[in-house]
Amino acid sequence: MTSALATTAQAETLKFAHVFPADHYLWTQGGKVFAEAVTKASEGRIAFEVYPAGQLGKDAIAVQRSGLAELAMVIPAYSPDKLPLSSVAELPGMYASACQGTRMFWNVAKPGAILDELELKGQGMRVLFASTIPPLKIATKNRPVGGLADLKGLKLRAAGSAMNKTVRALGATPIQLTAGEMFDSLSRGTVDGALWYYHSTPTFGLEDVLNNAVEGVELGGGTLLYTISTTAWDRLNPEDQEIFATAAADAQTALCEWLDAEESRVRDDLAANHDWQISTPPAEEMEQWQALINDVTVSWAKEIEDNGQAGTQVLQAFRDSAE
């Protein structure tokens with residue numbers, strides 16, 4: 001392979017690593033869209049070798065810092081020791097759609113913003129674009145949730161600190177599972193349901209396993225950063241940096257719009273063709289739900305502060321980024 005980022009005149013092949021399957025939507029609708037746009041805009045001078053499924057290693061930050069790959073898809077929840085502040089975008093009560101959450105996350109993670117200065121730059125990465133997933137719903141098997149009282153005693157799949165805190169705050173018990181373990185766990189009764197996304201349901205074959213959902217409350221969601229190492233970025237010439245930035249902005253918008261549309265499409269299909277009962281919390285309980293959710297964000301900030309980091313400052317910056 002030619003030396004990556006050698007000169008403007010030479011063809012450049014950059015390695016792009018991620019932990020997802022090659023056909024995962026966060027690649028096909030996000031990373032791939034970006035990579036193809038860069039290759040097209042550079043008239044083929046810049047190409048990418050893609051390494052999915054953790055082929056270069058499961059720790060995307062380490063893969064990028066070591067130089068094994070110039071670009072990576074970084075999941076803050078998978079690196080809580082390295083990116084504790086970046087988990088702010090996973091918290092509940094912050095955004096109502098993927099596009100709203102993505103704009104907010106980008107505003108605090110972009111070069112020069114608070115997360116970049118306090119955390120990301122120190123990990124040797126520069127964010128090209130960001131993504132948040134549409135807010136989670138409470139999905140259950142044979143246990144409708146009409147209100148907070150119905151959550152007592154339920155075992156709900158959660159993944160990551162923010163989800164665990166949210167499940168506990170609402171009175172249920174979090175069970176740490178991967179999405180791939182959901183089918184067997186629901187079948188065996190290990191869990192009663194999950195904090196879940198509609199669009200993930202057909203991916204894991206759960207259309208006719210889960211059958212109830214509660215929406216209408218912002219329960220937070222997963223996040224992702226598409227990054228390039230600062231070393232690789234600094235070696236790009238200004239023209240190519242502009243190509244990357246333009247492609248990244250377009251890919252960020254395309255991905256969040258696809259996510260919001262897909263969430264809505266699958267929701268309608270589940271209700272119409274799989275007999276899902278979809279409800280919202282009782283109106284008289286909404287203030288109580290919101291208070292419990294707010295407690296999660298306060299707890300998150302305090303925990304970060306107790307570890308000597310700027311949790312309250314980052315939380316406020318994230319909230320302000322909605323304006």
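Our subject is the structure that appears above.
Computed from a predicted model, the values in this text were never measured in an experiment. (Residues numbered from 1 in each chain as written. Predicted model: local features only at pLDDT ≥ 70, side-chain atom pairs only at ≥ 80, totals over all residues. Heavy atoms only, no water.)

Here we look at the packing of aromatic side chains
Here comes step 1: This structure, assessed with the given rule, holds 11 aromatic pairs.
Here comes step 2: On the numbers, 6.5 Å between centres and 75° between planes, the contact of phenylalanine 16 with phenylalanine 34 is edge-to-face. In this pair, phenylalanine 16 sits in strand β1 (residues 12-17) while phenylalanine 34 sits in helix α1 (residues 25-41), placing the two residues 18 residues apart along the sequence. Like phenylalanine 34, phenylalanine 16 is buried.
Here comes step 3: Plain terms: the ring middles of phenylalanine 16 and phenylalanine 48 are 6.3 Å apart, the flat faces sit at 55° to each other, and that makes the pair tilted. Here the residue phenylalanine 16 occupies a position in strand β1, and phenylalanine 48 occupies one in strand β2 (residues 46-51), the gap between them amounting to 32 residues. As far as burial versus exposure is concerned, phenylalanine 16 and phenylalanine 48 are alike and both buried.
Here comes step 4: Grouping aromatic residues by their ring pairs yields a cluster made of Phe16, Trp27, Phe34, Phe48, Phe129, Tyr226 and Phe244. (Phe/Tyr/Trp six-rings, centres within 6.5 Å; stacked < 30°, edge-to-face > 60°. Helix = DSSP H or I, 4+ residues; strand = E, 2+ residues; numbered from the N terminus. Buried < 20%, exposed > 50% of the residue type's maximum accessible area, 1.4 Å probe, protein only.)

Topic: the environment of lysine 58
Here comes step 1: Following the sequence through the fold, lysine 58 ends up in the loop between β2 and α2 (60-66).
Here comes step 2: Setting aside anything within four residues of it in sequence, one finds lysine 58 in contact with Val19 and Ala53. (Contact = heavy atoms within 4.5 Å.)

Some remarks on the state of the cysteines
Two cysteines, two sulfur atoms, one covalent bond between them: this is a disulfide.
Here comes step 1: By the definition in use, this model includes one disulfide.
Here comes step 2: Residue pairing for cysteine 99: its cysteine sulfur links by disulfide to cysteine 256, the two sulfurs lying 2.1 Å apart. Between cysteine 99 and cysteine 256 the sulfur-sulfur dihedral comes to about 90°; the bridge is accordingly right-handed. Remark: cysteine 256 occurs in helix α8 (residues 238-273) and cysteine 99 occurs in helix α3 (residues 98-109); sequence separation between them is 157 residues. Each member of the pair, cysteine 99 as well as cysteine 256, carries the same accessibility label: buried. (Disulfide = S-S within 2.5 Å.)

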